[in-house]
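Architecture and fold: a report
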Amino acid sequence: DTANEAGKTGRAWPILGNSPRSKFEPSNFVRTPEGLRVTNTAHGLKADLMIALADDDTPAEIWTLTIENPGNDARTVKAVPYLEWVLDRPESDKGHTQYLRLFPEMEYAASANTLLANQRKTKTWGFIASEAGPEGIHTSRMDFIGRGRSLWSPRLLETLDFLEPRDTAPYPTFDPIGAILVGATLPPRSSQTFKFLVGFARNRDARSSTRAMKSGS
């Protein structure tokens, strides 16, 4: 909520994730025939997140987030999907927690609104894409959380100092993440829906077909 200054209660709160209930209003999780529905009401805003498989054969999820403003005043809000890439076997990561962070290369494709991670060791790809053009992106966990902070009080959600969403060549990032910033101003008693695609591809060809699927969704 951009109306709240950095460090103030209500500046930012989680919708999805294992957040401490002592600090945040817990979300409600319901399994439906379409997928997993996550609902959250906090600080005068309602959020409805539907997580569903793209199809039976593609290792990707569609996240459909609807933010509702039921109040009488306009609200300017930002939404930030955040993930930490897991592109190798869990036992490999546990055995070399620092070494394996050197392998992923990050890349942003502006034409597809897609942030990609290429794990050079396994030659696999992770991706997170936004249906609408994002306001910003980020790829470094250290910069996102900040020194001496936690995921539940990240520095970047106070500063909103995201990277510009422009085409980049692949580049290595220590402790890489995927984060996308989107936003909207909600008039009184209105809502806004955002769509994201999150997934995995075993090679570059599969990654390209997933881009095409995203473009047609």
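Residues numbered from 1 in each chain as written. Predicted model: local features only at pLDDT ≥ 70, side-chain atom pairs only at ≥ 80, totals over all residues. Heavy atoms only, no water.

Within the protein, the secondary structure is distributed over 4 helices and 13 strands. For the protein, long-range pairs separated by at least 24 residues make up 62% of all intrachain contacts whose partners lie at least 6 apart in sequence. Carbon and sulfur atoms make up 49% of the accessible area of the protein, which amounts to about 12000 Å² in all. (Helix = DSSP H or I, 4+ residues; strand = E, 2+ residues; numbered from the N terminus. Contact = heavy atoms within 4.5 Å. Areas by Shrake-Rupley, 256 points an atom, 1.4 Å probe, with all protein chains shown as cover.)

In terms of nonpolar packing, the biggest core is built from 27 residues, with Leu65, Ile67, Trp85, Ile128 and Phe194 touching the most fellow members. Of all elements in the fold, only β3 (45-53), β4 (60-69), β5 (75-79), β7 (104-109), β8 (114-119), β12 (176-186) and β13 (190-201) reach the threshold of two or more residues within this core. If we skip the residues at most four places from it in the chain, Ile128 touches Pro81, Leu83, Trp85, Asn113, Thr114, Leu115, Ile180, Leu197 and Val198. (Core = buried A, V, L, I, M, F, W, Y, C linked by side-chain atoms within 4.5 Å. Buried < 20%, exposed > 50% of the residue type's maximum accessible area, 1.4 Å probe, protein only.)

With that out of the way, let us pick up the pattern of salt bridges. Evaluated as defined, the whole model comprises 9 salt bridges. By sharing partners, the salt bridges in this structure join Glu84, Arg141 and Asp175 into a single network. (Salt bridge = Lys/Arg side-chain N within 4 Å of Asp/Glu carboxyl O.)

Moving on, we come to the packing of aromatic side chains. A complete count under the given rule lists 2 aromatic pairs for this structure. Relative to Phe144, the ring of Tyr82 lies with its centre 4.7 Å away and its plane at 40°, an arrangement referred to as tilted. Placement of Tyr82 in strand β6 (residues 82-84) and of Phe144 in helix α2 (residues 141-145) is noted, with a sequence separation of 62 residues between them. Side by side, Tyr82 and Phe144 carry an identical accessibility label, which is buried. (Phe/Tyr/Trp six-rings, centres within 6.5 Å; stacked < 30°, edge-to-face > 60°.)

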